[in-house]
Amino acid sequence: MSTETAYRTCPLCEAGCGLAIELDGGTVTRIRGDRDDVFSRGFLCPKGTVLGHFHDDPDRLRTPMVRVDGELRPAGWDEAYEAIADGLGRVWDAHGREALAMYLGNPMAHNLDGAMFSRTMLRSLSPGAVFSASTVDQRPRELASGLLYGQSGTIPVPDLDRTDYLLLLGANPLVSNGSLATAPDWPGRLEALAERGGSLVVVDPVRTKTAEKADRHLAIVPGTDVLFLGALVTALAEHPAVDPGAQPDHFAGLAAVVDGLSACTPESVADRTGISAAATREIADRLATTERAVVYGRIGTTVTPFGTTASWLIDVVNALAGSLDRPGGSMFTTPAAGSATTRGTRSDGRSRRLGSRSTRVDGLPVALGEHPAAAMATEILTDGPGRLRAMITVGGNPVLSCPDADRFDTALESLEFMVSLDCYVNETTRHADVILPAPSHLQKPHYDVALLGLAIRNVANYSPAILPMDDGADREWVQLARLALIGLGQSWDDAAVAALDDEVASRAIGGALADAAAPDGIDRAEASAVVGTRNGPERMLDIQLRTGPYGDWFGARPDGLTLDQLIEHPHGLDFGALEARLPDAIRTSSGDVEFDHPDLMADLTRVVALLDEPTAPMVLTGRRTLRSNNSWMHNMRVLVKGKPRCTLQVHPDDADRIGLADGGAARVSSTSGTVTAPVEVTDAIRPGVVSLPHGWGHDVEGSRLSVAAEHAGVNSNILTPADLIDPLSGTSQLTGIPVDVVPA
Ligand SMILES: Nc1nc2c(c(=O)[nH]1)N[C@H]1C(S)=C(S)[C@@H](COP(=O)(O)OP(=O)(O)OC[C@H]3O[C@@H](n4cnc5c(=O)[nH]c(N)nc54)[C@H](O)[C@@H]3O)O[C@H]1N2
Ligand SMILES: Nc1nc2c(c(=O)[nH]1)N[C@H]1C(S)=C(S)[C@@H](COP(=O)(O)OP(=O)(O)OC[C@H]3O[C@@H](n4cnc5c(=O)[nH]c(N)nc54)[C@H](O)[C@@H]3O)O[C@H]1N2
Ligand code: SF4
Ligand SMILES: [Mo]
């Protein structure tokens, strides 16, 4: 082989940057940003350059691992599947299907194989409980969208490139590169906002990198965004430029929301939020009078006890400001592979209510079909009918990413059987009886079905695999398909996988042809034949692209989009800026955006009560660092070298009072546990708040992460109590956790 350059979308975070990957004889020699990428135009972050290191990492698993005599050992693929069928069979025979739990992690949610085959696996295994990273992340936003628009995937994104005023709450895109708003090169896009005379206002308890670039930074008290947003609602409603009665017909109930929030005024919330009434009024004025203004909130607004309600109020503020579904405001993507906003019609919506299901032991809410991660340890450890006794983790590391981490770690130890699909033997998978290795990201094709559905432009970009699979290895979709077949009690050989794959594709075609968007007269068998040269996720993607908003409908619209076209355009295709989507994209039973949804209105009593709740003297929040990616890029030496990043940030006033010195150590305790971390004194953090990043704590016995172990850090989720949640969505509170800090 000779030197060549391959073009690929980086799969590591939500930005989806285009990469130009130089290969020499099958070895990656260099990775740069792809200047011709239609979306990222050459931007990339330090993580994007390490995909080659990741591929070559000696600790990355190349073969399955099976536990023999108490120890995880390399094993053949057949042996691994046999062990899974045996182990699950034993648990099912003894305790029934309900004893199995699943945990789906973050990377599989935006990986093509996971996007296309996770559901098939779930349906066939029919576990008693499905957990995922969503309830330590964005579930409140999805729930709010489900209630407001009728579909949880109908999530508005800030129209970054056209706005003139961006109010950003609880997000640090200069470090995270953005979330639920897919946009490579936030730094460049925010600079462009400044250059066109626009303003950026950041609401965050910490003066983050993003806040440093802002025209204004407001250091809010953690967990009080819902009050600040409530005050913006009432201030906007009073503003002469705003008429809550003169909104589009399909915006229902805004006046009722304004009424319900009458106790929240800029003056009444100021003490509690730490944001002055004058600042709130000025922001309301700018939102009301700037033609193109938008409010965007991210994880700092969702991982609080008011995550769902805050997500709802963000949309209420955008609606009142005339920014919802308008250019430069908060808009909905029209994704090439389709989404909740493109399937079905306005008239076939249905009413959504908060779930009536709850978890067995603690009665925590089961929202959108998922059990809260906060319930995992208890559901495994508490005896009785329905106890969870086996678990499958798919691309997740919940020992580091989920609440009550110490107890959850103990809980995993007590399972009768555990399977993990992952790249490493890490803090979580070290408990597994069988691990199926994921191929490296360069060995599999990529198209981010989920995140391109939340992009700030309508773009599509497909990346074929650029390195061959290891001998005999299964791609992840095949792993998921074999698990599904085991769940169905069938043989899991290649012929059975192919038959299941055909069935999945046929169902997808049938569903698409039944959709209102489908042109008349397409024959199902002919459609199957058109995509029949492919299989697996690539065929599924081809189906979704062909039946998406720009699709060729299997030839019925000859100029329409197909996967082949994307392959011919390695730098991606750009379908243009976002366009207004309402009311067509609404799927509620009324056909309107239900701003006064009763389940949301009912939470306003809790919001008003928050006004009188005392502020805890010291609370913990989290943060991200640029060279890290949740828990799992810490085995790349180029990323973790240098000064330790897992430090406890403390304000100088607090450090003085408590007796902490920069570089010293602090003991941090919450109701769920204690950790000892190195102290970093900085005036960037609000007094009364300390911060620790999550995803660290690599010094546990049994994991095989040689580099990460040298930069272990501490597991911040030992401090996350399981009982602190958003009661609507079950999402854990990961910020504003009351803690006690003393010198170690
Ligand atoms: N305290 C606190 N906790 C948090 C957060 C916080 O802000 N504060 N953030 C939360 C958020 S937003 C999230 S999304 C979660 C993340 O929670 P998780 O998804 O549980 O954790 P990750 O660290 O993303 O773990 C990813 C795992 O997948 C593996 N992996 C990587 N790529 C692949 C792949 O392609 N296939 C397979 N099969 N495996 C793969 C990695 O080796 C790793 O074990 O953490 C949450 N936890
Ligand atoms: N480098 C890097 N990039 C990542 C990740 C990573 O681990 N590392 N993880 C990826 C994932 S899974 C996700 S979900 C995204 C998340 O992307 P973002 O939502 O941008 O996440 P963070 O960078 O954690 O920024 C959250 C901010 O909220 C602030 N905050 C905390 N509590 C509150 C509060 O009560 N109110 C307000 N207003 N602010 C608060 C924090 O100080 C922090 O600055 O990032 C993704 N990108
Ligand atoms: S910003 Fe995200 S997508 Fe872009 S190179 Fe970095 S990790 Fe990859
Ligand atoms: Mo996340």
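Above: the structure in question.
The structure contained in this document is the topic of the report that follows. For every chain, the first residue of its written sequence is number 1, and the numbers climb from 1 along that sequence. Lettering of chains starts at A and numbering of ligands starts at 1, both following the order in which they are written. The predicted origin of the model limits local features to residues at a pLDDT of at least 70 and limits the giving and counting of side-chain atom pairs to 80 or more, whereas totals for whole chains, interfaces and linings rest on all residues. Side-chain numbers come from the whole structure's heavy atoms, not from hydrogens or water.

All right, on to the pairing of strand β15 (residues 390-394) then. For every residue, the accessible area (1.4 Å probe, protein chains only) is compared with the maximum for its type, and the residue is labelled buried under 20%, exposed over 50%, or partly exposed between those bounds. For the purposes of this entry, the term helix denotes a DSSP run of H or I that reaches at least four residues, the term strand denotes a run of E that reaches at least two, and both are numbered from the N terminus. Counting buried residues along β15, 5 of its 5 residues qualify, which places the element largely inside the surrounding structure. Neither face of β15 is left uncovered, since the one carrying Ala390, Ile392 and Val394 and the one carrying Met391 and Thr393 both have all their residues buried. Pairing of strand β6 (residues 100-104) with β15, which is carried by 5 bridges, proceeds in the parallel orientation. Looking at β15, one finds that Leu104 is bridged to Val394. By this definition, two strands are paired if DSSP reports at least two bridges between them.

On to the sheet that holds strand β13 (residues 293-297). Ordered by their spatial adjacency, 4 strands build an open sheet running β11-β10-β9-β13, and the pairing between neighbours is parallel. Of all strands in the sheet, those bounded by a partner on one side alone are β11 (216-218) and β13. For this sheet, the mean angle separating the axes of adjacent strands, direction not counted, is 15°. In terms of strand pairing, strand β9 (residues 165-169) meets strand β10 (residues 199-203) through 5 bridges, oriented parallel. Looking across to β10, one finds that Tyr165 is bridged to Ser199. Contacts were defined at the residue level, with two residues in contact if any of their heavy atoms lie within 4.5 Å. Fitted lines through C-alpha atoms serve as axes, helices being fitted only where they are in contact, and the angles separating the N-to-C directions of these axes extend from 0 to 180 degrees. Across the sheet, helix α7 (residues 186-195) lies against β9, β10 and β13, angled at about 135° from β9, the strand it touches most.

Another aspect to go through is the site of ligand 2. Close to ligand 2 lie 31 residues, the nearest being Ser176, Asp204, Gly223, Asp225 and Asn630. At 2.6 Å from a nitrogen atom of ligand 2 is found a side-chain nitrogen or oxygen belonging to Asp225. In the environment of ligand 2, an oxygen atom lies 2.6 Å from a nitrogen or oxygen atom belonging to the backbone of Asn630. With residues, only the protein chains shown are counted as cover, and all accessible areas are computed by Shrake-Rupley using a 1.4 Å probe. Here ligand 2 has 920 Å² of accessible area as a free molecule, and 97% of this is covered by the chains. Elements with a minimum of two residues in the shell around ligand 2: α6 (173-176) and α13 (299-302). Residues are classed as near a molecule or strand on a simple rule: at least one heavy atom within 4 Å of it. Any pair of N or O atoms that falls within 3.5 Å is considered a polar contact. Within protein, one atom must be able to donate a hydrogen and the other to accept it, and sequence-neighbouring residues count only if both atoms are side-chain atoms.

What follows concerns the pattern of salt bridges. Whenever a carboxyl oxygen of Asp or Glu lies within 4 Å of a side-chain nitrogen of Lys or Arg, that contact is scored as a salt bridge. The tally for this structure, following the rule as stated, stands at 40 salt bridges. A salt bridge links Arg141 to Asp315, with the shortest nitrogen-to-oxygen separation between them at 2.8 Å. Placement of Arg141 in helix α5 (residues 139-149) and of Asp315 in helix α14 (residues 307-320) is noted, with a sequence separation of 174 residues between them. Judged by its relative accessible area of 7%, Arg141 is buried. Residue Asp315 is classed as buried on the basis of its relative accessible area, which comes to 1%. Between Arg387 and Asp383 there is a salt bridge, with its nearest N and O atoms 3.4 Å apart. Salt bridges here are not isolated pairs; linked through shared partners, they connect Arg534, Asp542, Arg546, Asp552 and Asp564.

This part is about the environment of Tyr165. Within the secondary structure, Tyr165 sits in strand β9. Expressed as a C-alpha distance, the spacing of Tyr165 and Ala194, which sit 29 residues apart in the sequence, is 9.5 Å. Every residue in contact with Tyr165, bar those within four places of it in the chain, is listed here: Leu193, Ser199, Val201, Ile283, Arg286, Leu287, Thr290, Arg292, Ala293 and Val294.

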